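Structure at a glance
One-letter residues, chain by chain:
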Amino acid sequence: MNLYLVSRRRAWLSEEELAATADCTPAVLGIFDGAVRWVRSYVFEEADGAFSADCVYEAESVERLEEYFDAMMLPADEIRQVDRFAAA
Amino acid sequence: MNFGALLAKRALIGRDDELAALRTLHEPGGPLVAVVHGVAGSGKSALIRAFAAEHEHATIVDGRAIEPTPAGFEQAAGRHPRLLVIDTFERLRLLDDWLRHTYFPSLPADTRVVIAARDAPGAVWRATFGEYLRVIPLGPLAPADAAAVLEGVGLDPQQAVEVNRFVRGHPLSLQLAASAVKEHPDAVIPTVTQELAALYLDGLDPETRAALDRACVLRRVTRSLLPDGFDRLATLPFVELTPEGLVIHDTVREAVSALLKATDPVRHREHRAAAWRQIRHELPDGGWASIADMIALVEEPLVREAFFPSAVQHYAVETARPSDRDAILKIVARHHPGPTTALLSDWWDAVPDAFRVARAPRGTVVAFAVLCDLRRIPQGLFLRDPVCQAWRAHLRAHPVPKGQRVLAARVALAHGTGSAPSPCFSALLRDVERERLEGVVRRVYAVSGGAELDEQLEPLGYLPIDGGATVCDLGAESVAGWLSELAARDLPVRKTALDPEARELTLDGRTVALTKLECAVLRYLQERQGQVVPRAALLHDVWGYEWAGGANAVDVAICGLRRKLGEHAKRLETVRGVGFRMVPL
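In this text the structure is predicted, and so the values were computed from the model without any measurement. (Residues numbered from 1 in each chain as written. Chains lettered and ligands numbered in written order. Predicted model: local features only at pLDDT ≥ 70, side-chain atom pairs only at ≥ 80, totals over all residues. Heavy atoms only, no water.)

1. A look at unusual backbone geometry
Residue and element names in this part refer to chain A. The residue aspartate 33 is not glycine, and still its phi comes out positive at about 55°. Tracing the chain through its elements places aspartate 33 in the loop between helix H1 (15-30) and strand S2 (36-45). When its relative accessible area of 71% is taken as the criterion, aspartate 33 is described as exposed. (Helix = DSSP H or I, 4+ residues; strand = E, 2+ residues; numbered from the N terminus. Buried < 20%, exposed > 50% of the residue type's maximum accessible area, 1.4 Å probe, protein only.)

What follows is the structure, encoded as structure tokens:
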């Protein structure tokens, strides 16, 4: 499994939309049968009320990850594979 | 082009870019659906009506003025509109799924649709229409355009600049501010529409102001709901006449209602109670419109949201497709491993169309519910499912009259959160609530789903019964009666009252006319409520002559009264060999 950092700018227009995404996540991940795992997301509220997020995923490949984003209808502005950790 | 179309064109200032975006609907390969969105009062209606005015054959449907059901929509829009313009779409959220799945796909290829809504279309819309959807956000007017609007309504350039410094191009605010400045030239213009509305309202005469207070608790204003104020309100600049009655601009209505609730809660409650009584009176013949009026008075959030959703729908809720079976059973296995999964598989085989699913944008099932007519559950399933047996035992002990429907809600589960409150679970519950409107539903059986679920459902009238089941009995009047009860909570509504002057009895909000004799008998018995009243005493005191025996005058009057009491007839008891006793109505 590889680790990916995914950036989404203004992907959610409202708090409800964000909640709906969180709500759908387990069911949609379920059909990927472990090939994609959502680790966590850091969410930012923009000045106009929209939401952006940087999300961490584990996935078998970037293709599988993109498949998952398509199933969620969640476009990604940038997908980067993480090379290494740095501990504080 | 007709007169109204010319006027619609004239009113539009500073929306050239948005109009041009709408015109791309007619370009080859252009969008099929355009959604104009913006906050209340941003000029959405003016824009789409101006666009409609450019067409010979535009069909305009106002979400506030139609029945939000497929039948109501089709009646207003027709089956083959050339250009369909839907205003105030937020009032039609109930139809969201039906429009996307059934109605829009059935339209001819050359039909174009323009929608005005408060919110931007959600992910489900973007998924459904893809590049065929054009989203047009409506912001404030540019300063020069705002000045043009203000000068158009009679302000001098200096005033226009000062007003726009505060309202920053918000079109409804511009209108209100301009009216306010004309009435109070020295006024300091506040920044928000609500305050502008209040400033404008200060200038109204007391009668119109009072009528507006009474009207603000209503979904729509009809002559019967507001006999004295109807004509006064009809002339106000933010009130529109629709086929359903007067509609007050949402911003103003919400502001007036909030103001009244905060400053004079007693009067706010009284207005709601008066509205309740009148709507209750009209309910039996009022059809959908009266039901909706009553729902608007209900404060219970689950019920309100079911019929008037306040947010964009993020899930498609629809009948399950055959391919959904595995996904549904997976959700069951996740939350109820063991025999329940096998049982739900039997349910699927027996009544697949009882399964309703909530889908993520690309169609993945994220939650489901099972709801159907109790009579459709086959015998075999009844024997295997202990919950069905609990329902049946209750139904045997408490039968419902012929012709009334009994619904069974077997289970509702979300993939992630089970039956705990979550957005998609709520979407399913709302769907179950809406189902009650179909046919004469008397009772809904469900399953006790743990404290969290029971807490959500208890305010709707669900009570636990034996065998881990719950029941919600809507009463003899079905949905109308149930909704009236919900709306009447916290309202100072006297459910039964005898008015001897008018010879009328108010019963469950309905007015029953009585004969002089019936009225006298009822009053006499009510004054002795709970006591046994001998025939002789009744005859002596009401009829005024000595009991001679053999006269059946009393029985005739009692019989007539019982008929008029309807389902409460039993409250007027016969005490054999003695007389009668009235128990509290």
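2. Considering the nonpolar core
Judged by nonpolar contacts, the single largest core of 96 residues is most densely connected at Tyr68 of chain A together with Leu212, Phe238 and Leu483 of chain B. Sorting elements by how many residues they give to this core places helix H14 (residues 265-297) of chain B first, with 9 residues. Leaving out residues up to four positions away in the same chain, tyrosine 68 of chain A has contacts with Thr25, Val28, Leu29, Phe32, Val36 and Tyr57 of chain A. Counting residues in each nonpolar core, the second largest holds 34 residues, with Ala320, Ile377, Val400 and Ala469 of chain B among its members. (Core = buried A, V, L, I, M, F, W, Y, C linked by side-chain atoms within 4.5 Å. Contact = heavy atoms within 4.5 Å.)

3. Brief notes about the pairing of strand S11 (residues 405-414) of chain B
Residue and element names in this part refer to chain B. Of all the 10 residues making up S11, 10 are buried; the element is thus mostly covered by neighbouring parts of the structure. Here 7 bridges tie strand S10 (residues 365-373) to S11, and the two strands are oriented antiparallel to one another. Among the inter-strand pairings, alanine 367 is bridged to a residue of S11, identified as alanine 414. Direction of pairing for S11 relative to strand S12 (residues 441-447): parallel, over a ladder of 4 bridges. The residue bridging alanine 408 from the neighbouring strand is tyrosine 445, located in S12. (Pairing = 2+ DSSP bridges.)

4. A look at the sheet that holds strand S3 (residues 51-59) of chain A
Residue and element names in this part refer to chain A. Read from one edge to the other, the open sheet built from 4 strands follows the order S2-S3-S1-S4, with strand pairing classed as antiparallel. Each end of this open sheet is capped by a strand with a single partner; those strands are S2 and strand S4 (78-81). With direction set aside, neighbouring strand axes in the sheet form an average angle of 20°. Bridge analysis of strand S1 (residues 2-12) against S4 gives 4 bridges, and the strand direction is antiparallel. Within S4, the position partnered with tyrosine 4 by the bridge is glutamine 81. Against the sheet, helix H2 (residues 62-72) engages S1, S2, S3 and S4, with an angle of about 30° to S1. (Axes fitted to C-alpha atoms, helices over the stretch in contact; angles between N-to-C directions.)

5. Quick notes on the confidence of the model for chain B
Residue and element names in this part refer to chain B. Per-residue confidence for chain B gives a mean pLDDT of 82, with 91% of residues at or over 70. Contacts from residues 1-9, a stretch scored under 50 in pLDDT, to residues over four places away or in other chains number 10 contacts. Both scores are available for the predicted complex, with the pTM at 0.66 and the ipTM at 0.74. (pLDDT = per-residue confidence, 0-100.)

6. Some words on the packing of helix H23 (residues 516-527) of chain B against helix H25 (residues 553-565) of chain B
All names here are of chain B. Packing of H23 against H25 brings their axes to within 10 Å, and their N-to-C directions diverge by 85°. Taken together, the axes of H23 and H25 are roughly perpendicular relative to one another. Within the contact between the two elements, H23 uses Leu517, Glu518, Val521, Leu522 and Leu525 and H25 uses Ala557, Ile558, Gly560, Leu561 and Lys564. Residues of the contact of H23 with H25, tallied by class, amount to 7 nonpolar, 1 polar and 2 charged. (Parallel < 35°, antiparallel > 145°, perpendicular 65-115°, else oblique. Nonpolar A, V, L, I, M, F, W, Y, C, P; charged D, E, K, R; others polar.)

7. Thoughts on the packing of aromatic side chains
The full count for this structure, using the stated rule, is 15 aromatic pairs over all chains. Members of the aromatic cluster, joined through ring pairs, are Phe73, Phe89, Trp98, Tyr103, Phe104, Trp125 and Phe129 of chain B. If you follow arginine 8 of chain A out to its NZ or CZ, it ends over the ring of phenylalanine 69 of chain A, 4.5 Å from the centre. Stacked on the ring of phenylalanine 382 of chain B, the Lys or Arg arginine 392 of chain B has its end atom at 4.5 Å from the ring centre. (Phe/Tyr/Trp six-rings, centres within 6.5 Å; stacked < 30°, edge-to-face > 60°. Lys NZ or Arg CZ within 6 Å of the ring centre and 35° of its normal.)

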